Amino acid sequence: MAKALIIVDVQNDFCEGGALAVTGGAGIAATLSRELPGYDHDVVVATRDHHVDPGDHFSETPDFVRSWPVHCVAGTPGAEFHPDLDVSRVDEVFRKGQYSSGYSGFEGVDERGLGLADWLTGRGVDHVDVVGVATDHCVRATALDAADAGFTTTVLLDRTAGVSRETVATALADLRAAGVRLVGEPLVAG
């Protein structure tokens, strides 16, 4: 069977200077680009928020739990991958959240409309490693859905950046409870 690397949401709006900046996001982009040739994965995919009209996911008075400031709007620079992320080794990109919150990469589709789980299964993938931004939101949701879909799932935490210590701790507990393997320590500001 095959192994996949899933790079979650390393986009301009989630890195320093973006609408929902996560401290360390740009560093994660650079680190992944530098290390990508050395990773032992059969396929590499990337997910990205690609919001068109995500409903109450956007709010002028966000609670930063279920609602957020406007970010990663389709066709804007904020929705693009961070320039330090080399996507030349990415085999496929999965857009998510066009008309929903879209936390999990498993809600995403490729250019042909094929979902991530079907795409991976079609390539014989049985194990996924998850990296990216943010540990406590989209990385968490993607890893939980990967495990739920039957993939052996590992989060390479030292290749993730989280929003806050409290929400990262909750995410890690959720991941452990779901049987997701956790390796390393996430970057968390503060």
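About the thresholds
- All residue numbers refer to positions counted from 1 along the written sequence of the respective chain.
- Given that this is a predicted model, residues contribute local features only at a pLDDT of at least 70 and side-chain atom pairs are listed and counted only at 80 or more, while totals for whole chains, interfaces and linings are drawn from all residues.
- For side-chain calculations, the full set of non-hydrogen atoms in the structure is used, while hydrogens and water are omitted.
- What counts as a disulfide here is a pair of cysteine sulfur atoms lying within 2.5 Å.
- Nine residue types can take part in a nonpolar core, namely buried Ala, Val, Leu, Ile, Met, Phe, Trp, Tyr and Cys, and a core is a set of them joined through side-chain atoms within 4.5 Å.
- Between buried and exposed lies partly exposed: a residue is buried under 20% and exposed over 50% of the maximum accessible area for its type, with that area taken using a 1.4 Å probe on protein chains only.
- A run of H or I in DSSP becomes a helix once it reaches four residues, and a run of E becomes a strand once it reaches two; helices and strands are each numbered from the N terminus.
- Contact definition: two residues touch when any of their heavy atoms are within 4.5 Å.
- Each reported salt bridge corresponds to a side-chain nitrogen of Lys or Arg within 4 Å of a carboxyl oxygen of Asp or Glu.
- Any Phe, Tyr or Trp ring, taking Trp's six-membered ring, that has another such ring centre within 6.5 Å forms a pair; planes under 30 degrees apart are called stacked, those over 60 apart edge-to-face, and the others tilted.
- Only when the NZ atom of a Lys or the CZ atom of an Arg is both within 6 Å of the ring centre and within 35 degrees of the ring normal do we say a charge sits over the ring.
- Two N or O atoms form a polar contact when they lie within 3.5 Å of each other; inside protein one atom must be a possible hydrogen donor and the other a possible acceptor, and for residues adjacent in sequence the pair counts only when both atoms belong to side chains.
- Note on pairing: DSSP must find at least two bridges between two strands before they are called paired.
- Think of it like this: strands point away, you trace from the first strand over the helix to the second, and a clockwise trace means the crossover is right-handed.
- An expected span of 1.5 Å times one less than the residue number is assigned to each helix.
- The arc in question is traced by the directions running from the helix axis to the C-beta atoms.

Colleague: Help me understand the state of the cysteines, please; the structure alone is not making it clear to me.
Modeller: As used in these notes, a disulfide is a covalent bond between sulfur atoms, one from each of two cysteines. Applying the stated criterion across every chain yields a total of 0 disulfides. Unpaired in this structure, cysteine 138 has its nearest cysteine sulfur neighbour in cysteine 72, at a distance of 8.6 Å.

Colleague: Would you explain the nonpolar core in this entry?
Modeller: Within the largest apolar cluster, 54 residues are counted, with the highest numbers of intra-cluster contacts made by Ile6, Ile7, Leu120 and Val128. Those elements giving two or more residues to this core turn out to be β1 (2–8), α1 (25–35), β2 (43–49), α2 (116–122), β4 (125–133), α3 (135–148), β5 (152–162) and α4 (165–177). Ignoring sequence-local partners within four residues, the contact set of isoleucine 6 consists of Val45, Thr47, Phe106, Leu116, Leu120, Val128, Asp129, Val130, Val131 and Thr142.

Colleague: What should I look at first to understand the pattern of salt bridges in this one?
Modeller: Between side chains of opposite charge, pairing is possible as soon as their charged atoms come close. Taken as a whole and judged by the stated rule, the model has 9 salt bridges. Among the ionic pairs, arginine 112 bridges to glutamate 92, the shortest N-O distance being 3.4 Å. With arginine 112 in the loop between β3 (92–96) and α2 and glutamate 92 in strand β3, the pair connects residues that are 20 residues apart, well separated along the chain. Of the charged contacts in the structure, one is a salt bridge between arginine 159 and aspartate 158, with a shortest N-O distance of 3.7 Å. With relative accessibility at 17%, the residue arginine 159 sits in the buried group.

Colleague: Just to check I follow, could you spell out α1 for this structure?
Modeller: For the α-helix, the turn length of 3.6 residues means that residues three or four positions removed from each other point alike. Listed as buried for α1 are Gly25, Ala26, Ile28, Ala29, Thr31, Leu32 and Ser33. Of the surrounding elements, those touching the buried residues of α1 are β1, β4 and β5.

Colleague: Explain the packing of aromatic side chains to me, please; I cannot follow it from the model alone.
Modeller: Each aromatic ring pair is characterised by the separation of its centres together with the angle its planes make. In the structure shown here, the tally under the stated rule is 3 aromatic pairs. Ring geometry for phenylalanine 64 versus tryptophan 68: centroids 5.8 Å apart, planes at 90 degrees, classification edge-to-face. With 6.0 Å between their ring centres and 40 degrees between their planes, phenylalanine 106 and phenylalanine 151 make a pair best called tilted. In this pair, phenylalanine 106 is assigned in the loop between β3 and α2 and phenylalanine 151 in the loop between α3 and β5, connecting sequence segments 45 residues apart. We classify phenylalanine 106 as buried; its relative accessible area is 15%. According to the relative accessible area criterion, phenylalanine 151 is buried, its value standing at 7%. Lying over the aromatic face of phenylalanine 81, arginine 48 brings its terminal NZ or CZ to 5.4 Å of the ring centre.

Colleague: Any chance you could explain the environment of arginine 165 here in plain terms?
Modeller: Tracing the backbone shows arginine 165 in helix α4. For arginine 165 and valine 188, which are 23 residues apart along the polypeptide, the C-alpha to C-alpha distance reads 6.3 Å. A distance of 3.4 Å separates a polar side-chain atom of arginine 165 from the backbone oxygen of valine 188.

Colleague: What is the right way to read the pairing of β1 from this model?
Modeller: Taken residue by residue, a regular strand's side chains alternate between the two faces of the sheet. Most of β1 sits inside the fold, with 6 of its 7 residues counted as buried. Pairing analysis gives 7 bridges linking β1 to β4, with the strands arranged parallel. Across the sheet, the residue bridging to alanine 4 is valine 128, located in β4. The β-α-β motif built from β1, the intervening α1 and the parallel element β2 has right-handed crossover chirality.

Colleague: How should I be thinking about α4 in this particular structure?
Modeller: Taking 1.5 Å as the rise per residue, α4 with 13 residues should run 18 Å; its terminal C-alpha atoms sit 18 Å apart, in good agreement. For α4, the full list of buried residues reads Val168, Ala171, Leu172 and Leu175. The buried residues of α4 occupy an angular sector of 100 degrees when projected down its axis, which confines them to one face. Projecting away from the buried face of α4 at angles above 90 degrees are the exposed residues Glu166 and Ala177. Against α3, β5, β6 (181–183) and β7 (187–188) lie the buried residues of α4. Within two residues after α4, glycine 179 carries a phi angle of roughly 85 degrees, on the positive side.

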